[in-house]
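Results of the structural survey
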Amino acid sequence: MHRPPAVAFVLVTVVIDVIGIGLIIPVLPMLVGEFTASREAQTYWYGLLVLTFGSAQFACAPLLGALSDRFGRRPVLLSSMAGMGLMFFLTTQVTSLLALLATRVLGGALSANMAVANAYVADVTPPERRAKSLGLVGAAFGIGFILGPVLGGLLGHYDVRLPFLVAAALCALNFLYGASVVPESLPPERRRAIAFGRVNPFAALVGLTRLRNVGLLVGVIAINNLAQFILHTTWVLYTAFRFGWGPRETGLSLFVVGVAATVVQGGLLGPLLRKLGDRRAVLCGLASGVLAYAGYGLATQGWMMYAIIFCNFLAYAVGPAMLAFISKAADPREQGLVMGTLASLASLMVVIAPLIGTPLLAEVSHLPANDWRVGLPYLLSSALNLAALGMAAVHFARHRQARPATVGAAQ
């Protein structure tokens, strides 16, 4: 029996997919440590793995988004699930850093699930409800982060390769679920041919800046993402150096992050947007991030990290609100390309973040744990978020009455 497209179907695929990704976060730096002889080398190599994954994702995300505009969301989602499962399984077999690097190239090239999932939601949700629905995707991501890292930390405590094997099994389960349950959301009459000149990731990024009444928001998204990914790429090693945390402790901290993100994006986002409005929610969330990053960098006890995570709840509203602004400015026939390009923008920040954050952490990795300079990567993230806050304030001041218009309306 044919099932109508629905947000609930794709939310399940996101949850399962993110659990698989979350499983490996607490243990990947430790796996790198098996092949390195010092903290400094471990940090540099881990940064290279993150950079490689992000580079492949940046290059391929617009193409995969455009492929979903041409052939539908479902086949691209299924292909991504299968490729990620293969990547996780191959990781369990690696015997060298170069082999591990190769698996990250494969994983980055095929990790399109979030971009295509966002496009799927945009397909089936009217513009006035899109921010809330995209928030549900963020909440599904948060649920995956509730379960994935804590399970990965517990499994990795016994064997650092075990979480990768479990992640591969989850990808296989997700593929079977998608193949048997998830319907297509993009009808044939709304599909469009691929213009290969437009799937160049850099050209696609330029295309984002042409959306009416968006302007500086593209830069805000980029800088905010860069600050986040500096934190993501250094969290496991920073907490190990600063507080002596292992996979279990790291997994638990990421579990708490997932809880906070899910509560805000799945339950509080609607009331927050009604109370504050989209624009004020973005500004308050960015301001909260400025303080939180500084707090992470200056914390002297592990419990402080948990307090900051909970106090920073407004920051979790920034992503869905910003995605809604951009989505409303895009042609309905190009949601896949636009969401793929936003994913590519995020991936570009994943490329840049380890070029900045991990070398900075490597340079201070020899310092005593209580030295404030060990937190330099997060103090940099705080400064970046402050710049994003200033750009957002300028943009909203210039466009007090203007609302994002579609490209079709602009033409």
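From a predicted model like this one, the values you see are computed outputs, not experimental measurements. (Residues numbered from 1 in each chain as written. Predicted model: local features only at pLDDT ≥ 70, side-chain atom pairs only at ≥ 80, totals over all residues. Heavy atoms only, no water.)

1. Observations regarding the overall build of the protein
Across its full length, the protein holds 16 helices and zero strands. Considering the protein as a whole, with its 411 residues, one finds that 57% of them fall into the buried category. On the protein, roughly 16,200 Å² of surface is accessible, and the fraction owed to carbon and sulfur atoms is 68%. (Helix = DSSP H or I, 4+ residues; strand = E, 2+ residues; numbered from the N terminus. Buried < 20%, exposed > 50% of the residue type's maximum accessible area, 1.4 Å probe, protein only. Areas by Shrake-Rupley, 256 points an atom, 1.4 Å probe, with all protein chains shown as cover.)

2. Observations regarding the packing of aromatic side chains
Within this structure, the stated rule accounts for seven aromatic pairs. A ring pair is formed by W245 and Y306, whose centres lie 6.0 Å apart and whose planes are at 40°; its orientation type is tilted. Of the two residues, W245 sits in the loop between α10 (217-243) and α11 (247-298) while Y306 sits in helix α12 (residues 302-311), which places them 61 residues apart along the sequence. What links up through ring pairs into an aromatic cluster is the set W235, Y238, F243, W245, Y296, Y306 and Y378. (Phe/Tyr/Trp six-rings, centres within 6.5 Å; stacked < 30°, edge-to-face > 60°.)

3. Considering the confidence of the model for the protein
Per-residue pLDDT for the protein has a mean of 81; in total, 87% of the residues score no lower than 70. Taken element by element, the protein is modelled with least confidence in helix α16 (residues 407-410), mean pLDDT 34, and with most confidence in helix α15 (residues 376-398), mean pLDDT 93. pLDDT under 50 marks residues 402-411. Its contacts with residues more than four places away, or in other chains, come to 23 contacts. (pLDDT = per-residue confidence, 0-100. Contact = heavy atoms within 4.5 Å.)

4. Quick notes on the environment of F141
When you line up the elements, F141 lands in helix α7 (residues 130-156). Judged by its relative accessible area of 32%, F141 falls in the partly exposed class. Look past the residues within four positions of F141 in its chain and what remains in contact with it is V14, V18 and M114.

5. Some words on the packing of α11 against α15
At their nearest, the axes of α11 and α15 sit 7 Å apart, and the two run at 165° to each other. Judged by the angle between their axes, α11 and α15 are roughly antiparallel. In the packing of α11 onto α15, the handedness of the crossing is left-handed. Between α11 and α15, the residues in contact are R279, V282, L283, L286, A287, G289, V290, Y293, A294, Y296, G297 and L298 and Y378, L379, S381, S382, N385, L386, A388, L389, A392, A393 and F396, respectively. (Axes fitted to C-alpha atoms, helices over the stretch in contact; angles between N-to-C directions. Parallel < 35°, antiparallel > 145°, perpendicular 65-115°, else oblique. Left-handed = near helix turned anticlockwise from the far one by under 90°.)

6. Focus on the pattern of salt bridges
Counted according to the given criterion, the structure contains four salt bridges. Between E34 and R161 there is a salt bridge, and its shortest N-O distance comes to 3.1 Å. Of this pair, E34 sits in the loop between α2 (28-33) and α3 (39-71) while R161 is found in the loop between α7 and α8 (162-180), placing the two residues 127 residues apart along the sequence. Close ionic contact of R73 with D69 constitutes a salt bridge, the shortest N to O distance being 2.8 Å. Here R73 matches D69 in class, with each residue buried. Taken together, the shared-partner salt bridges in this structure form one network comprising D69, R73 and D123. (Salt bridge = Lys/Arg side-chain N within 4 Å of Asp/Glu carboxyl O.)

7. So, the environment of P187
Relative to the helices and strands, P187 is located in the loop between α8 and α9 (201-209). On the basis of relative accessibility, which here comes to 25%, the residue P187 falls in the partly exposed class. As a C-alpha pair, P187 and F71 span 116 residues in sequence and 9.6 Å in three-dimensional space.

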